[in-house]
Number of protein chains: 2
Amino acid sequence: MPHYNAPTRDLQFVLHDMLGVSAGQVPGYEDLLADFTSAVLEEAGKIARDVLAPLNLSGDQEGCRLENGIVRTPKGFKAAFDMMKQGGWTALDCDPAFGGQGMPYVMATAVGEIFVSANMAFNMYQGLTHGAYSAIYSHGTEEQKATYLPKMVACDWTGTMNLTEPHCGTDLGQLRTRAEVQPDGSYKITGQKIFISAGDHDLAENIIHLVLARAPGGGEGTKGISLFIVPKFLINADGSLGARNGVSVGKIEKKMGIHGNATCVMNYDGATGYLLGELHKGMRAMFTMMNEARLGVGLQGYAVAEAAYQNALAYAKDRLQGRDVTGVKNPSGPADPLIVHPDIRRNLMDQKSFIEGARAFTLWGASLIDRGHLANDTAAEGLVSLLTPVIKGFLTDKGFDCAVQAQQIFGGHGYVEDQGMSQFARDARITMIYEGANGVQALDLVGRKLAQDGGKHVMAFFEMVKAFIKDNENDAALKAPFLDPLKAASKDLQTAAMYFMQNAVKNPNAALAGSYDFMHLFGHVCLGLIWARTAKAAQAALASGTTDPVFYETKLVTARYYMARQLPATALHLARILSGAEPVMALSVDAF
Amino acid sequence: MPHYNAPTRDLQFVLHDMLGVSAGQVPGYEDLLADFTSAVLEEAGKIARDVLAPLNLSGDQEGCRLENGIVRTPKGFKAAFDMMKQGGWTALDCDPAFGGQGMPYVMATAVGEIFVSANMAFNMYQGLTHGAYSAIYSHGTEEQKATYLPKMVACDWTGTMNLTEPHCGTDLGQLRTRAEVQPDGSYKITGQKIFISAGDHDLAENIIHLVLARAPGGGEGTKGISLFIVPKFLINADGSLGARNGVSVGKIEKKMGIHGNATCVMNYDGATGYLLGELHKGMRAMFTMMNEARLGVGLQGYAVAEAAYQNALAYAKDRLQGRDVTGVKNPSGPADPLIVHPDIRRNLMDQKSFIEGARAFTLWGASLIDRGHLANDTAAEGLVSLLTPVIKGFLTDKGFDCAVQAQQIFGGHGYVEDQGMSQFARDARITMIYEGANGVQALDLVGRKLAQDGGKHVMAFFEMVKAFIKDNENDAALKAPFLDPLKAASKDLQTAAMYFMQNAVKNPNAALAGSYDFMHLFGHVCLGLIWARTAKAAQAALASGTTDPVFYETKLVTARYYMARQLPATALHLARILSGAEPVMALSVDAF
């Protein structure tokens, strides 16, 4: 069975050496002292290792089942969920006014990585609840907040997000679910929603569905859409649970992965719903929490890869196969461990350098969200809005690739289900699809985010890279191995952005044909920046006589690997982008 | 349910326009006239479409089960298998002396692609039989051939290959299965083999297991290994089936994919076996058929991708989502089809340009095997020996990537099992692992094949590319779009090969750290050459006033896509290779 140990040392490094959270530059960060964050992460790590990870493979194999209209989650999920609730782990960054712990988002994100790595499918029940909490917190009336939030913070009630319908996913303007206003001001909701994660289950007393539906008078397309709160059980005036609402599970989807989470077809048959936020402005309400939701999916991408990597690494150290060509390393055994072989090492270093970079990138993104929310820093808000599709798209594509690479190290044993490596690949696969498929992320990046606010956020990003290089270029230990490749990669990104600007007006397809490559190019530059900053932080720690030199030297080696073997991908992405729309669009539809 | 239509037009193009098989330069090719090959491919296509493809998803969902020691295959497999036998489809390239059709290997490969695309798991029962047939055909005594081959050609008896044991796969020198000689000259085989595809099933009367085992006196490592024929049922002197042999199924593995094929743990408990080939030279006997087996797996990689692509294409034309930014294309509908979007088009063109190139590459490889066997062309034999790890490793990596890309076009619908797109990705995944994991292919390429026969095969390859460029460089329509990029890519490959030669002696890791990139770099140059040749053939057809101009114009567009957007990957692979062993090997094992 796969194992998992939380990378608390690396999380501490990112929080303190990289982001300097305990310096307290953001309101709410002043409590994030190293001892405190360490204690929280260690405790989360224990639960992840001892409670959640052991339920991951069994949850995959057992899956969820629909019994008489009620979804049963896999064995052990309920007890684990109760334990998470009792420990307050479901509400780290929720408002204390509703029972939350009031921690900054960056801390909830660090802890979230640990739980996702241990058991992604399990963690989604809480994750979706958090999304629904945020929507009600941002757009609900005081009464709605009082009614729902304390229960949702405690995860006594969980939440869902209902967007997709059979005929439309990305293109929500086509949605058909209807909302009809009732004399008491409530609505009757009628329609079918699909792919509803955690749509039903046996972990909580009630489920609060947030449903996009079309109320009369809003016009066509996305403009006519509103957001509604539709509880599974209606809530009495005294807060107790009332009658079953007109919402039911049509079926549970059989999926490639995340079997432990029930992905449901939800049928709304005149279900009672309550308007959340403004009428006909449901899309806006739904999208206000999009950055966090997408960052959370990017996190899933690398968090699953982390779990897969840990097991691949253990296998590579343990499995004896072949001999080191430069000389036997395990003379007393029948063969050397896999890890002596350069191609196995390449595979592991690919994973390691991606995952650690992705972790720092994601926590940086979370800290930017905190700056936006807690310090009203609009520049930070704009930057993270720009980076969100990169975090989501790049980290999930690469996270899946890494899970596949980890599986590869096991050879045939990676293909059989009882080792758990297949599950990591199958689970990671969904992250490229949901919360906006990665092609849609690329479109969002190139079609919207680049030009947002007159392009000032992407300019700020370029300035940030440039300033980092300039500030450090006299440091010879940084320049050649880190700053020079970063500079070249950043130049590739700027060239691509310039090409889009020069061509997009007369031919939008010139930008769109290169959008996916641009997302990856941008992702590499972000990780290049992260690794250059990491190298600087590691050098500083080593220079100051750290007691943990191996950790920091390992960081430098890993940084050099990323620079030498991953970052050069920017040139390939640029070459594709500069080939323009013609190769992509030349074939007529009929000729395919 | 997914559909499949055999790409007979493209197969005909490769066989005739590209390879010119009917020119009959190889003995046995003189019968491969266009009408004949077309009739065979069309008939195979009908069976694939109407019989095999409809059993693909159901076979995946039902899987195989072990009942009282006997494996039951999914519903419909037996009837389909009988139909394949009756039509002579199981023995296209087998020797007529044993009931085969006596066609060249290139033709069996073309037909094989069709059957694999339609149902890979099903086709493996015959595929493994063919491998065992080849081993007995090449190494068996006349008596063994007479006993086994007619039944195996007819697929009344099927075959298996038993190499892997729980503690060793790639490193067969560690294998422990024992063979003890008996007074009658037979052997008693004792040991456990794992991952045995088609290890047991209900499709045939008998199963002929080929088993690697260690007979006394052969020494340690691979030198002491011999190959044995171990029938499931012993065969009486009159050829009828006798007693059950001491071989049994321990369990069926639960795997990520190819559920329709039973992957078995096989227990040999003093089973009667018969030496095949020379004592202690079993590895050599096993490896004589390695080129074909590995080419067959490379074929699986792109053949599954072809099936996935066909379904992704149909979905992209059918699914209405969003609007073309350059102007509405489907004004009467609620949205435009997915295929109007440039990023969807990029995704489809990636698949199309890979799959068609891979098809021509593989059939070229098959024709080289034919030249070696039928015309005693040792240069062709050496070349295909060099290219085999590229065909296996590159085509399966890219084939899997394409299946994942095809799945992506379906969005959330690609993640649920009932659309079949998940199956394509899960099935394709095994091709990167079995018959030598792709890292082992890279090692074989760089560690053995490059330097084989003094490096003359790789030199011949470079000369071939150079000659093609030189012969055509006055053709302006070929030069800039095709020859120039091919030249640049080939130069990258030569630079990498030179780097290995210069560094490998003093530091073998310098070559091995770059082996995986070299395999991909080589693969791209091969497809670059294929697409340049394709462009030349297409131009010739258009110039000669073909009646099918759209087909050839489409080839030119697809060729340009590959050159513009895929071939530039060679520079990235070269950059990684030239970064050498240091980034890969710098970290000590303990620091991971």
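What you see as residue numbers is a count from 1 along each chain, following the sequence as written. A letter from A marks each chain and a number from 1 marks each ligand, given out in the order of writing. Reporting in this predicted model follows two pLDDT cut-offs: at least 70 for local features of residues, and 80 or more for side-chain atom pairs to be given and counted; totals over whole chains, interfaces and linings ignore these cut-offs and use all residues. Each side-chain value is derived from all of the structure's non-hydrogen atoms; neither hydrogens nor water enter the calculation.

Asks: Could you clarify how one ought to interpret the overall build of chain A in this entry?
Replies: In DSSP terms, a helix is any run of H or I states spanning at least four residues, a strand is any run of E spanning at least two, and both are numbered starting from the N terminus. Counting its secondary structure elements, chain A contains 21 helices and eleven strands. With the radius of gyration taken over C-alpha atoms, the globule rule is written as 2.2 Å times the number of residues to the power 0.38. Compactness check: chain A gives a C-alpha radius of gyration of 24 Å against a globular reference of 25 Å for 592 residues, within 12% of the reference. With respect to the three principal axes, the spread of C-alpha positions in chain A is 80 × 60 × 55 Å. Burial status follows relative accessibility: with a 1.4 Å probe on protein chains alone, a residue under 20% of its type maximum counts as buried, one over 50% as exposed, and anything between as partly exposed. Taking all 592 residues of chain A together, the buried fraction comes to 64%. Any pair of residues with heavy atoms lying within 4.5 Å of one another is described as a contacting pair. For chain A, restricting intrachain contacts to residue pairs at least 6 apart in sequence, the fraction spanning at least 24 positions comes to 74%. As displayed, chain A has an accessible area near 20,200 Å², and 54% of this comes from carbon and sulfur atoms. The charge count includes Lys and Arg as positive and Asp and Glu as negative, but it does not include His or the ends of the chains. Note on charges: their place is set at NZ of Lys, CZ of Arg, CG of Asp or CD of Glu. Taking the average location of the 52 positive side-chain charges in chain A and that of its 60 negative ones, the two points are 4 Å from each other. Under the convention used here, a 1.4 Å probe and the Shrake-Rupley method define accessible areas, while residue burial counts only the protein chains that appear.

Asks: Explain the packing of helix α4 (residues 77-86) of chain A against helix α6 (residues 120-139) of chain A to me, please; I cannot follow it from the model alone.
Replies: If you want to describe how two helices pack, look at the angle between their axes and the distance between the axes. Residues and elements named next belong to chain A. Put simply, α4 and α6 touch, their axes get as near as 11 Å, and they point 50° apart. As the angle between them shows, α4 and α6 are arranged oblique. Where α4 crosses over α6, the two elements pack in a sense that is right-handed. Of α6, the residues touching α4 (which contributes F77, A80, F81 and M84) are F122, Y125 and Q126. When residues are sorted by character, Ala, Val, Leu, Ile, Met, Phe, Trp, Tyr, Cys and Pro go into the nonpolar class, Asp, Glu, Lys and Arg into the charged class, and all the rest, Gly among them, into the polar class. The class makeup of the residues in the contact of α4 with α6 is six nonpolar, one polar and no charged. Angles run from 0 to 180 degrees between N-to-C directions of axes, and those axes are lines fitted to C-alpha atoms, restricted for helices to the stretch in contact. Working definition: roughly parallel below 35 degrees, roughly antiparallel above 145 degrees, roughly perpendicular at 65 to 115 degrees, and oblique for all remaining angles. Here a crossing is taken to be left-handed if its near helix is turned anticlockwise relative to the far helix by less than a right angle, and right-handed if that turn runs clockwise.

Asks: Even after reading the chapter, I still don't get the side chain of S117(B), so can you show me in this structure?
Replies: Residues and elements named next belong to chain B. Following the sequence through the fold, S117 ends up in helix α5 (residues 105-118). The term polar contact refers here to a pair of N or O atoms within 3.5 Å; inside protein, the definition further demands a hydrogen-donor-capable atom paired with an acceptor-capable atom, and it admits residues adjacent in sequence only when both atoms are side-chain atoms. In this structure the side chain of S117 is engaged in a polar contact, spanning 2.7 Å, whose partner is the backbone oxygen of A303. Ignoring sequence-local partners within four residues, the contact set of S117 consists of Y4, A303, E306 and A307.

Asks: Before we go on, may I ask you to explain the pattern of salt bridges in this structure?
Replies: Where charged atoms of side chains with opposite charge meet at close range, the side chains can pair. All names here are of chain A. The salt bridge criterion pairs a side-chain nitrogen of Lys or Arg with a carboxyl oxygen of Asp or Glu, the two atoms within 4 Å. One pass over the structure, following the stated rule, counts 64 salt bridges over all chains. For R426, the salt bridge is made with D60, and the minimal N-O distance between the two is 2.8 Å. With R426 in helix α13 (residues 421-431) and D60 in helix α3 (residues 56-62), this pair connects stretches of sequence that are 366 residues apart. Here R426 and D60 have matching classes, each one buried.

Asks: Would you mind showing me how to read the relation of the copies chain B and chain A here?
Replies: Each of the two copies of the chain can be brought onto the other by a rotation about an axis and a shift along it. For these two chains of identical sequence, chain B goes onto chain A by a turn of 180° and a shift of 0.0 Å along the axis, with RMSD 0.0 Å. These values place the two chain copies in the arrangement generated by a two-fold rotation axis. Across chain B, the rotation axis passes nearest the C-alpha of L572(B), at a separation of 3.3 Å. Mapped onto chain A, 100% of the interface residues of chain B again fall at the interface, so both copies present the same surface. Overlaid copies result from least-squares superposition on C-alpha atoms, with residues included only where pLDDT is at least 70 in both.

Asks: Quick question: what am I supposed to make of the interface of chain B and chain A here?
Replies: Interfaces are often sized by the accessible area lost when the parts come together. At the interface, 88 residues of chain B touch 88 residues of chain A. The quantity reported as buried area is the accessible area (1.4 Å probe) lost by two parts once they are put together, taken as the sum for both. In this assembly, chain B packs against chain A so that about 7,400 Å² is buried in total across both faces, 62% of it on carbon and sulfur atoms. A per-residue breakdown of the area chain B buries against chain A is headed by Y415(B), R565(B) and F592(B), which together make up 12% of the total. Along the contact surface separating chain B from chain A lie four salt bridges. Salt-bridge contacts for K251(A) lead to D418(B); the nearest nitrogen and oxygen are separated by 3.5 Å. For the side of chain B that touches chain A, the element with the most residues is helix α18 (residues 549-566) of chain B, which contributes eight residues.

Asks: Would you mind showing me how to read the domain arrangement of chain A here?
Replies: All names here are of chain A. According to the domain assignment, chain A consists of domain 1 (8-138), domain 2 (157-280) and domain 3 (455-581). For domain 1 and domain 3, the distance between their C-alpha centroids amounts to 31 Å. On the side of domain 3, nine residues touch domain 1, which itself brings five residues to the contact. Its largest share of buried area at the contact with domain 3, domain 1 owes to R9, F13 and M18, together 74% of the area lost on that side. If you look at where domain 1 meets domain 3, you find two salt bridges. Between D10 and K555 there is a salt bridge; the shortest N-O distance is 2.6 Å. Segment limits for the domains were obtained from an automatic or database-derived domain assignment.

Asks: Looking at this structure, I do not really get helix α14 (residues 456-472) of chain B. What am I missing?
Replies: Count 3.6 residues to each turn of an α-helix, and residues three or four apart come out pointing the same way. Residues and elements named next belong to chain B. A helix is expected to reach a length of 1.5 Å times the quantity of its residues less one. With 17 residues, α14 should cover 24 Å at 1.5 Å per step; its first-to-last C-alpha distance of 24 Å lies within 8% of that length. Buried within α14 we find H457, V458, F461, F462, V465, F468, I469 and N472. Around the axis of α14, the buried residues are gathered within 150° of arc, so they sit on the same side. With respect to the buried face of α14, the exposed residues turned more than 90 degrees away are K456, K466, K470 and D471. If you follow the buried residues of α14, they end up packed against α10 (342-375), α11 (378-409), α15 (476-503) and α17 (515-543). Here, the arc refers to the directions that run from the helix axis to the C-beta atoms.

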